[in-house]
There are 4 protein chains.
Amino acid sequence: MTLKLAFHTWPYASNPTWLPAYTLEETIKRIKRAGYEGIEIGAASPHVFPPTLSAQRRKDIRQLLEDEDLKLAAMLPAHGGGPGNNVASPIPEERQWSIDHYKDMVKLTADWGGKRLVCLPGWFIFGTTQRQAWEWARYAIAEIARFAQDHGVEIVIEPTPEDSNIVNTCEDCMNMLEDVGEPNVRLMFDTHHVITMNEVMSDYVYRMGKNLVHLHISDDHRLPPGQGRGDFKALVDALRDTDFDGYLSMECGFHRRGIEPDYVARTCMEYMKPLVDAANAR
Amino acid sequence: MTLKLAFHTWPYASNPTWLPAYTLEETIKRIKRAGYEGIEIGAASPHVFPPTLSAQRRKDIRQLLEDEDLKLAAMLPAHGGGPGNNVASPIPEERQWSIDHYKDMVKLTADWGGKRLVCLPGWFIFGTTQRQAWEWARYAIAEIARFAQDHGVEIVIEPTPEDSNIVNTCEDCMNMLEDVGEPNVRLMFDTHHVITMNEVMSDYVYRMGKNLVHLHISDDHRLPPGQGRGDFKALVDALRDTDFDGYLSMECGFHRRGIEPDYVARTCMEYMKPLVDAANAR
Amino acid sequence: MTLKLAFHTWPYASNPTWLPAYTLEETIKRIKRAGYEGIEIGAASPHVFPPTLSAQRRKDIRQLLEDEDLKLAAMLPAHGGGPGNNVASPIPEERQWSIDHYKDMVKLTADWGGKRLVCLPGWFIFGTTQRQAWEWARYAIAEIARFAQDHGVEIVIEPTPEDSNIVNTCEDCMNMLEDVGEPNVRLMFDTHHVITMNEVMSDYVYRMGKNLVHLHISDDHRLPPGQGRGDFKALVDALRDTDFDGYLSMECGFHRRGIEPDYVARTCMEYMKPLVDAANAR
Amino acid sequence: MTLKLAFHTWPYASNPTWLPAYTLEETIKRIKRAGYEGIEIGAASPHVFPPTLSAQRRKDIRQLLEDEDLKLAAMLPAHGGGPGNNVASPIPEERQWSIDHYKDMVKLTADWGGKRLVCLPGWFIFGTTQRQAWEWARYAIAEIARFAQDHGVEIVIEPTPEDSNIVNTCEDCMNMLEDVGEPNVRLMFDTHHVITMNEVMSDYVYRMGKNLVHLHISDDHRLPPGQGRGDFKALVDALRDTDFDGYLSMECGFHRRGIEPDYVARTCMEYMKPLVDAANAR
């Protein structure tokens, strides 16, 4: 078992706030400098959006990751905005666009040396039933997962109850995993959502068990861990109990303009590293 | 001179929060029922994103707007998220994507009986100079404006200082208008940004003068007008003084989940209609 | 269509806080005096708990309701505490206890001239799967509903996302209704939960449609309507649109000691009566 | 004299919030793992409610307590909710139900190797006098205490001024003890109530003296000790001065959903153990 620390690029990107923003190249260097082993890249401009990523830049980024010895912990597509990227949209053309986009992301993940692509099962809107939307999401995830098998990539479902309404809980994840039925589908959760929903983080760890392969770390209100009410000591204890082997990816501090990304990267490292080191030493 | 009231679709769309969300068809009916003459359509899923808009739905929406006798006050592309849609991006492929997307929007605006497309001049990120970004934005807007001339569409520049950093003020707008130098480029402003930046709304009206053809109406913190500290009485007086002839488009109540869109539509109407009726009667 | 106002007994009972508390007899008189047409009785001590309700008192309460001309809008069993009363408990004896208790409540509802019994589908605890718990809940509700058919009572499912975790949303209700498949199962919702979960009240009204037969009215934080951020005007409009015919039962002001029940009863009436009268007059 | 640490099950039960909840079996293991010598079991679902406790599970729990070498520090019935369990209720049937329930609890306490049952003297409601209620409570406690003598169990009265209104203070406890007049009636107090009522914890210790045999430990607002304004150092000093010999049972962190029980168990231990070890070493 090894717990590793990664940092998510959102605070350095144009998503969801447009500023502050840094090039992906600059972001990679800063995350490395802050002491992380891994990076999780959110697929949003100006970092990366497949339709506007040139072949040359694709190669350059890969090279830079190697030069800096920073591992691609995971990739995460952007959702909402113009395209929606909602696999459960009532608009068939949007569902197809989303599947195609996820397939592009699978290829990019593999190209950049990663093996995990985070997947959000979308949201259903007024006039659609949840059961219909669940089926659309299930179909899309199965299709994406089968495509990903040829690229050695795992599709990692994340519940996002604060934002969406189809896969909201640990149990929803387990059920979607079962319904999709493909071997390369795995699970993750975001501590921010769990805390916000008044659930218990360690419950998720024990229930997801071996299917848990990735984590988004954030305290409530997208604060860095240790600045809110989350119990990250209990989380790490539970991860150790269940032999979790993967990245704790810091995803916080990006929800409003006026937060310095380097501050977030440094603060998360200062709080989480002692917890993780102690767990790894046992 | 006539002041007309329109309602912006954001509170009924998946942007920027994913929920609540309604189909564009449902949204058109609700905005009409709330008593508005016009609708401003934000181009985001599930309402409209050109790459996933079928030819049939394109026709159906046009027909519905006619049946409901609801005028297309303006269209507004979405920014940020995956594509960025930043005409001042340091990534050449993203700048081109944005120009192409704006051209698609020009055609759609004309198809649906509108004549105004709101345009955001983008933002510059760490590592780019503002002057370089200004030139990229100017180039893009000129290119889009020339394309729009063949479709009878005006390109209406909006300053968004809270979110971006190139065209922030009334003066920036006047300068960009001058630098672009195309006859179908006009101006607008969003009262939310003006109030938030501690500027005076009527100053914008008098300074923009005949170039002012559209307005986004919102109190501070995206509250409906009348619920914050904005002086909308003074705004309407200034509009009357300058013979403004256009839409006051309500763009508020969409910044967080947990706001009922119908509440926003109704509340804005209740507050603004008496002000506008009084001005029109003079 | 008629919208009627009822008041829920919780603020006058020992549940969930023990004080203040009034006898059910006193409570009936006070609710009548505050101007309500109906009463919703929570089945908790000292108001009513079937195992400690004597035959004489059962008759006396019925007589008092008739004398005061106060209609039994609905009955609601208590949950949690010693017995749990969780139809989805992993303990078989508790599930059976809950079914038996609900059956007692069915008889009591009919005895006191009511026709609606609110039903909470329970919660699943650590170590139980949601799918298993859903099946236990479904089984129990079906059993209770069949029993209720002989007594002319409807079983009305309420989603309680803030407290429980099986039936959380409008869609969960629709799905449980479908899965139970008994004709006397209907639906309701509590505006407090909907507001707290950042959902839209009118969405629930339109989606539940003819299956919506009852409502719990409360603003956020269990405040009386009009004191929080709920849009009760939009709610009443939607109820009128869908020809709702039933009680709006005020369920608020009971979440902490130190609230005067009469204040809650009076304040709710003052705020809701004009809205309801206007809707009924149309 | 020995001060021992126990942990109360409320944070792991469905009472008073329904979630999070764990089986009693799981709870026993977690409390043991957190380092406690004793457990105080709250008698609420899904942990234990005598009418739904099977003979087999009764045996299994006893065995598990032995296997884990975790002592039953005390048992505490649940109050409020459906049954009320109010020994001072104006409803005779409820008073009898409560006495019977307490007798069931006496037997269960003995079965599981305990010797102390916490007893709450109830609350009087509008329309009842405090003197009448005091007499009903005294009668019930005497009846329960005589029954308990045959089972080697002590009845330990707890004042709960924040919630109830009959036995509110140290002096009320001393008076009830005197009025009941049975030798196996003893006293305890809950630091949360004492702090909340702006009283002094050590005053209770000195005044109760040899009658003090148990403690509920919580800072104000049900925070773990050390996180609020309570002076637990002074409390432990007073306990040492008076040769207190019993359990300090942590009863905190259960008043709202969204608290991780393991966090509470761990935090209480980290804060109290050094204090207790120092006192025991003197």
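Residues numbered from 1 in each chain as written. Chains lettered and ligands numbered in written order. Predicted model: local features only at pLDDT ≥ 70, side-chain atom pairs only at ≥ 80, totals over all residues. Heavy atoms only, no water.

Turning next to the interface of chain B and chain C. With 13 residues of chain B at the contact, the number on the chain C side is 13 residues. In this assembly, chain B packs against chain C so that about 1,000 Å² is buried in total across both faces, 41% of it on carbon and sulfur atoms. Taken as a group, Arg257(B), Glu260(B) and Arg266(B) account for 49% of the area that chain B buries against chain C, more than any other trio of residues on that side. Put simply, chain B and chain C have 2 salt bridges between them. (Contact = heavy atoms within 4.5 Å. Buried area = accessible area lost by both parts, 1.4 Å probe. Salt bridge = Lys/Arg side-chain N within 4 Å of Asp/Glu carboxyl O.)

Time to look at the packing of helix H8 (residues 232-241) of chain D against helix H9 (residues 261-281) of chain D. Residue and element names in this part refer to chain D. Put simply, H8 and H9 touch, their axes get as near as 10 Å, and they point 30° apart. Judged by the inter-axis angle, H8 sits roughly parallel to H9. For the pair H8 and H9, the crossing hand works out as right-handed. Counting all contacts with H8, which are made through Phe 232, Lys 233, Val 236 and Arg 240, the residues of H9 involved are Tyr 271, Met 272, Leu 275 and Ala 279. Class assignment of the residues belonging to the contact of H8 with H9 gives a composition of 6 nonpolar, no polar and 2 charged. (Axes fitted to C-alpha atoms, helices over the stretch in contact; angles between N-to-C directions. Helix = DSSP H or I, 4+ residues; strand = E, 2+ residues; numbered from the N terminus. Parallel < 35°, antiparallel > 145°, perpendicular 65-115°, else oblique. Left-handed = near helix turned anticlockwise from the far one by under 90°. Nonpolar A, V, L, I, M, F, W, Y, C, P; charged D, E, K, R; others polar.)

Superposing chain A onto chain B requires a rotation of 180° together with a translation of 0.0 Å along the rotation axis, leaving an RMSD of 0.1 Å. Accordingly, the operation relating the two chain copies is best matched by a two-fold axis. Considering only C-alpha atoms, the residue of chain A closest to the rotation axis is Gly81(A), which sits at 2.7 Å. A high fraction, 100%, of the interface residues of chain A reappear at the interface in chain B, so the copies pair face to face through one surface. (Least-squares fit on C-alpha atoms with pLDDT ≥ 70 in both.)

Right, let's get into the confidence of the model for chain A. Taken as a whole, chain A shows an average pLDDT of 97; of its residues, 100% reach a score of 70 or greater. Interface confidence in the predicted complex, given as ipTM, is 0.96; pTM for the same model is 0.95. (pLDDT = per-residue confidence, 0-100.)

This part covers the environment of Pro11(A). All names here are of chain A. Within the secondary structure, Pro 11 sits in the loop between strand E1 (3-8) and helix H1 (24-33). Exposure remark for Pro 11: the relative accessible area of 5% places this residue in the buried category. With sequence-adjacent residues up to four places away left out, Pro 11 is seen in contact with Pro 20, Cys 252, Gly 253, Phe 254 and Pro 261. (Buried < 20%, exposed > 50% of the residue type's maximum accessible area, 1.4 Å probe, protein only.)

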